[in-house]
Number of protein chains: 2
Amino acid sequence: MAVELPFARWIEDNQDALIQRLREAVEIPSVSGDASYRPHVHRMGQWLNDELVKLGAEIRSIPMGPQELEGQTLDLPPVLIGSLGKDPKKRTILLYGHYDVQPALLSDGWKHEPFKLTHDKDTDRLYGRGSSDDKGPILGWLNVIQAHKETGTDLPVNLKFCFEGMEESGSEGLEELVIKEAKGEFADVDAVCISDNYWLGTSSPCLTYGLRGLSYFSCSISGPGADLHSGVFGAVVHEPMTDLFALFSKLVTPQGEILIPGINEKVAPLTAEERKLYEVIDITLADLESAIGGKVIISDDKAEALMARMRYPSLSIHGIEGAFSTPGAKTVIPASVKGKFSIRLVPDLEPEEVGKLVEKYLKDEFAKLNSKNTLKVEMLHGGKPWVTSIEHWNFKAATAATEKVWGKTPDFTREGGSIPITLTFAEALNKNVMLLPMGRGDDGAHSQGFRASAGSLITNEKLDKDNFIKGSVTLGLYLHEVPAAAAAAEAQ
Amino acid sequence: MAVELPFARWIEDNQDALIQRLREAVEIPSVSGDASYRPHVHRMGQWLNDELVKLGAEIRSIPMGPQELEGQTLDLPPVLIGSLGKDPKKRTILLYGHYDVQPALLSDGWKHEPFKLTHDKDTDRLYGRGSSDDKGPILGWLNVIQAHKETGTDLPVNLKFCFEGMEESGSEGLEELVIKEAKGEFADVDAVCISDNYWLGTSSPCLTYGLRGLSYFSCSISGPGADLHSGVFGAVVHEPMTDLFALFSKLVTPQGEILIPGINEKVAPLTAEERKLYEVIDITLADLESAIGGKVIISDDKAEALMARMRYPSLSIHGIEGAFSTPGAKTVIPASVKGKFSIRLVPDLEPEEVGKLVEKYLKDEFAKLNSKNTLKVEMLHGGKPWVTSIEHWNFKAATAATEKVWGKTPDFTREGGSIPITLTFAEALNKNVMLLPMGRGDDGAHSQGFRASAGSLITNEKLDKDNFIKGSVTLGLYLHEVPAAAAAAEAQ
């Protein structure tokens, strides 16, 4: 290992014990979305609390109140809030992670028992639910703290913790708690580090400085009082489906260009330097095609394809509620249909403003159809985009650490999707937030299915042993780089 | 009653007994689409066979072979083929009807037990599954034959019968049988009368001389290897849904105009006389709006609205298979979607020819989208349109009969939907086919849901007592008018 600091050497020398601790964590099936697993989530919260306390941290286990789930009233798992070190001369870094996991069953197609950690010696990967999302990264922090303790090394920063047990199920109550603690436990925080996403690909580490926001729309068109038979009323009535297709064909071109006036105009202009950030990202069009499972990328330019994902808005039509949707051939004229689409937002697009633009545009275009049907537009939900500056010392520290551990400059990425807690921290604390991932793009970490196409079964979540060990060292070294980076920024 | 012929008087005088026979028929739950009801369908076939034989008919009960249904091997219900009278000096009329019914359960929302005939004295309507579709009409023929027998009246025509027990479930094997019997039992048939549809509205009888055909299409667009997350791949890939909306928006305008070149050009031109046929039909735009359940008729002209239904093609988009179709907000990019639409056909549009026009058009338009996705067009099924001449003596006879019984000229209608057996008779026998309905437009006869909007629950099938009794007289009188009408036609 390139890093010769004692804490780093200790991590490397004790990796078997550290993997053993990850094994313990994975073996607690802390599935937050299933009522029958709830006791395990509480058990996992208690386990993490005990580990942190054992390492010297002061932890408050905050009860989050009751929750109705599957007809039962359950206690929400606690949020662990706390600190380690209160030296006023040191910077204070807030660490976020979650100790709950997605559901997993062997019968879903797992190669190994999902709640046992299985070390595949051929690939050196650690299989198990939560290995990458997000127990691995949380335990990375435990590894760092223990390594400092065991080697008698002083932690170079004060730490604050915010570890929740409901991330996979809506983070109930967390936003309110963060806002409250912004003036309490988190008042002295200088920067935030979230380790809960993934490298873009499989070979280069990355730091993530932006997330797209979202405006989700339901567009209802109705006319007849009930579904009609197309033999009897085809060409007699204004058909809601015909109107919907006419209307939605005006939303976006097959080349992905959004046609709603006012949207593209609000996107921050691209600078030549910013474009370079995408050009140097260590991924190829072939990598992306492999993840997509087809040669259907709009642009033939890698940087353009990445920018489409990360720094431009997008509009996707998801489906229709109320129309014929099963196999076969039904000759129905649906009486009322709801078309669903969403727009991914980037600065400076705000959900509310986008909502108004969309509603006005749809109404104007619908009026042009001269239909006697009725249109109703509804924004189902909205979330703001988030982008921060990679020039901040928080990123400089993590960049330096990554270079030392991995021997290469990290990719600077923005995620196409959203991680709402990021925005909450940024807005409530008004401090720099950075996403420093541990796992790789093919970890199969999430259950949303979009990594299934990358050739790795979503059900076979795993973490490279290398990512766990060197990743832990990266987290620790980042903390070591903070004082110098922050001082340099202050000196400017 | 205006008709003083003895058979007509006998029907009126014996209506309680005739309703009692209808009651017997309705009480046999001959649901052809449910394996567990199959013995009842066979029982119903036997019952009808016995009644016909009792009245002097010669009947062959044709076994139709085995059928796989719900994992069981069942015997298909027989088709009853036969005759009554073989006088070479008389014309021969082939009667078609079906003795099976749609499913019905009290728990579906019926006011009365569906397989009991309930006489609602307030409205004088006979509630029960099959009352209108199609046991009432079949028993109408029994009434006519019995009335002639009881009053010693000679039947003015020879009769042939074709009564099936699978009409509601695809008429399996019937087409082949009719083609075979065209040179056998049906060789001497001069004209066909089908009583298995309905008046257009509720106050005027009608004769039906046309049916639209159908070409049903599934249009598959695929690209990514699996569903993608719109946050990650929105604006990166060519989205199949975007392509589908762009493509289907080119099919038909919100005013119902089909945009596929070659379709409208093939429609037989409208003559001034033909237009008059629609102008005099006894129905108003308000009646149609009431059936539709909304004020969404494209044309403000009644004749135009009726022609849209009866004599012009129509194109309806039914739905999408493979897209998000449930309530809520899912941010999926569907990887592969199948859009379904169909075109109702009128002369001179043939399904095969339409299939070629549609496929070429869709491929040409898809090419213009410059998408890297893949398009596949499939015609799921096709049926030819059918139109015959109301100047034929078969229609002249039924017109005269209707005028005498109901005191008004019948509406001459074409149905927007299809009744495939009509075309089979027309093509196999090469004789005039006429649809002479007994029931009213609001009988709630069918289970396809399109009459639900007419304010009558589809589950509450019924037949007006008046339609049963006067309707039976109309059927009989039609037979009486045949000789003179046919002779007049021959004399021309």
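Not measured: the values here are computed from a predicted model.

A.B. asks: Help me understand the sheet that holds strand S7 (residues 125-127) of chain A in this model?
C.D. replies: By definition, the strands of a sheet pair up through backbone hydrogen bonds, in either a parallel or an antiparallel sense. All names here are of chain A. Taken in spatial order, the 3 strands of this open sheet run S6-S7-S20, and their pairing is antiparallel. Strand pairing shows two members of the sheet lacking a second neighbour, strand S6 (118-120) and strand S20 (462-464), which therefore form its edges. Between one strand axis and the next, the sheet turns through 25° on average, direction left out of account. As paired elements, S7 and S20 share 3 bridges and run antiparallel to each other. Bridge pairing links Leu126 to Leu463 in S20.

A.B. asks: Can you help me understand the packing of helix H4 (residues 135-150) of chain B against helix H14 (residues 465-491) of chain B in this one?
C.D. replies: Relative placement of two packed helices is described by the angle separating their axes and the distance separating the axes. Residue and element names in this part refer to chain B. Remark: H4 packs on H14, axes separated minimally by 9 Å, with the N-to-C direction vectors making an angle of 60°. When the axis of H4 is compared with that of H14, the two are oblique. Of the two elements, H4 crosses H14, and the hand of that crossing is right-handed. Across from Gly136, Pro137, Leu139, Gly140, Trp141, Asn143, Val144 and His148 in H4, the residues of H14 making contact are Phe468, Ser472, Leu475, Gly476, Tyr478, Leu479 and His480. Residues that form the contact of H4 with H14 fall into these classes: 8 nonpolar, 7 polar and no charged.

A.B. asks: What's the story with the domain arrangement of chain A in this structure? I'm lost.
C.D. replies: The extent of an interface is frequently quoted as the accessible surface area lost upon association of the parts. Residues and elements named next belong to chain A. You can read the domains of chain A as domain 1 (6-211 + 386-491) and domain 2 (214-267 + 312-383). Spacing between the C-alpha centres of domain 1 and domain 2 amounts to 39 Å. Contacts between the two partners involve 6 residues from domain 1 and, on the opposite side, 4 residues from domain 2. Buried area between domain 1 and domain 2, both sides added, is near 290 Å², and the carbon and sulfur share of it is 52%. Taken together, the connections running from domain 1 to domain 2 amount to 0 salt bridges. Our count for the domain 1 to domain 2 interface comes out at 0 residue pairs in polar contact (both at pLDDT 80 or more). The class makeup of the residues in the side of domain 1 that touches domain 2 is 2 nonpolar, 3 polar and 1 charged.

A.B. asks: In this structure, what is going on with the relation of the copies chain A and chain B? I would like to understand it.
C.D. replies: What relates the pair of chain copies is a rotation about an axis plus a shift along that axis. Superposing chain A onto chain B requires a rotation of 180° together with a translation of 0.1 Å along the rotation axis, leaving an RMSD of 0.2 Å. Taken together, the rotation and translation describe the operation of a two-fold axis. Across chain A, the rotation axis passes nearest the C-alpha of Phe245 of chain A, at a separation of 2.7 Å. Of the residues that chain A buries at the interface, 99% are likewise interface residues in chain B, meaning the two copies contact each other through the same surface.

A.B. asks: What is the right way to look at the sheet that holds strand S7 (residues 125-127) of chain B in this model?
C.D. replies: Residues and elements named next belong to chain B. A sheet is described by the order of its strands in space; here 3 strands give the open sequence S6-S7-S20, paired in antiparallel fashion. Strands with a single pairing partner mark the edges of an open sheet, and in this sheet they are strand S6 (118-120) and strand S20 (462-464). Across the sheet, the mean angle from the axis of one strand to that of its neighbour is 25°, orientation sign disregarded. Where S6 meets S7, 3 bridges bridge the pair, whose relative direction is antiparallel. Its bridge partner being in S7, Asp120 is matched across the sheet by Arg125.

A.B. asks: Can you help me understand the pattern of salt bridges in this one?
C.D. replies: Should their charged atoms come close, side chains of opposite charge can pair. What the rule picks out here adds up to 64 salt bridges over all chains. Notably, a salt bridge pairs Lys372 of chain B with Asp300 of chain A, separated by 3.0 Å at the nearest N-O pair. One end of the pair, Lys372 of chain B, is in the loop between helix H11 (351-368) and strand S16 (374-383); the other, Asp300 of chain A, is in the loop between helix H9 (285-292) and helix H10 (302-310), on a second chain. A relative accessible area of 33% places Lys372 of chain B in the partly exposed class. Using a relative accessible area of 63% as the deciding quantity, one classes Asp300 of chain A as exposed. For Lys363 of chain A, the salt bridge is made with Glu359 of chain A, and the minimal N-O distance between the two is 2.9 Å. Pair noted here: Lys363 of chain A and Glu359 of chain A are both in helix H11 (residues 351-368), with a separation of 4 residues, about one helical turn.

Parameters and conventions
- Residues numbered from 1 in each chain as written.
- Chains lettered and ligands numbered in written order.
- Predicted model: local features only at pLDDT ≥ 70, side-chain atom pairs only at ≥ 80, totals over all residues.
- Heavy atoms only, no water.
- Pairing = 2+ DSSP bridges.
- Helix = DSSP H or I, 4+ residues; strand = E, 2+ residues; numbered from the N terminus.
- Axes fitted to C-alpha atoms, helices over the stretch in contact; angles between N-to-C directions.
- Parallel < 35°, antiparallel > 145°, perpendicular 65-115°, else oblique.
- Left-handed = near helix turned anticlockwise from the far one by under 90°.
- Contact = heavy atoms within 4.5 Å.
- Nonpolar A, V, L, I, M, F, W, Y, C, P; charged D, E, K, R; others polar.
- Domains from an automatic or database assignment.
- Buried area = accessible area lost by both parts, 1.4 Å probe.
- Salt bridge = Lys/Arg side-chain N within 4 Å of Asp/Glu carboxyl O.
- Polar contact = N/O pair within 3.5 Å; in protein donor to acceptor, adjacent residues only side chain to side chain.
- Least-squares fit on C-alpha atoms with pLDDT ≥ 70 in both.
- Buried < 20%, exposed > 50% of the residue type's maximum accessible area, 1.4 Å probe, protein only.

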